Amino acid sequence: MRGQIGQLMQQAQRMQEDMKRAQEEIAKLEVTGSAGGGLVRVTMSGAHEVRKVVIDRQTFADDPEMAEDLVAAAINDAVNKVAQAGRDKMGNVTAGMNLPPGFKMPF
């Protein structure tokens, strides 16, 4: 019995270290969200910091409201990409573990 508990504790410690490493990798990640067929692009870090916004100014000279809408859409696209990258990365950490449905990580 003690051997099983010891193995479980070691496995939990390894998983915690793997999760920390994965979170650090996610924070360093950069993704680009786009909207309007690429007319607006937003580059965001894995920590949800907007690094760069690129707008095709010629297209929006007469319609700045559309540019504003597309900036918001591009930011949302980047946020969704960061979230998906995080789910993918954390899924790799917990792969092979028989976690019950709905179990939330980290503990």
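Right above here is the structure, for reference.
In this text, all values refer to a predicted model and were calculated from it rather than measured experimentally.

A short note on the nonpolar core
Here comes step 1: Within the largest apolar cluster, 8 residues are counted, these being Ala35, Val40, Val42, Phe60, Ala67, Leu70, Val71 and Ala74.
Here comes step 2: Counting only elements with at least two residues in this core, the list comes to β2 (40–45) and α2 (64–94).
Here comes step 3: At 4 residues, α2 tops the list of elements feeding residues into this core.
Here comes step 4: Those residues in contact with Ala35, other than ones at most four positions away along the chain, are Val40, Leu70, Ala73 and Ala74.

Describing the sheet that holds strand β3 (residues 50–55)
Here comes step 1: Judged by pairing direction, the sheet is antiparallel, and its 3 strands sit side by side in the order β1-β2-β3 without closing on themselves. Of all the strands in the sheet, just β1 (30–35) and β3 have a single pairing partner and so form its edges. The average undirected angle you get between the axes of adjacent strands in this sheet is 15°.
Here comes step 2: Where β2 and β3 come together, 5 bridges link them in antiparallel fashion. Bridged to Val40 within β3 is Ile55.

Conventions used here
Residues numbered from 1 in each chain as written. Predicted model: local features only at pLDDT ≥ 70, side-chain atom pairs only at ≥ 80, totals over all residues. Heavy atoms only, no water. Core = buried A, V, L, I, M, F, W, Y, C linked by side-chain atoms within 4.5 Å. Buried < 20%, exposed > 50% of the residue type's maximum accessible area, 1.4 Å probe, protein only. Helix = DSSP H or I, 4+ residues; strand = E, 2+ residues; numbered from the N terminus. Contact = heavy atoms within 4.5 Å. Pairing = 2+ DSSP bridges. Axes fitted to C-alpha atoms, helices over the stretch in contact; angles between N-to-C directions.

Bear in mind that shape data such as this cannot, by itself, settle questions of function.
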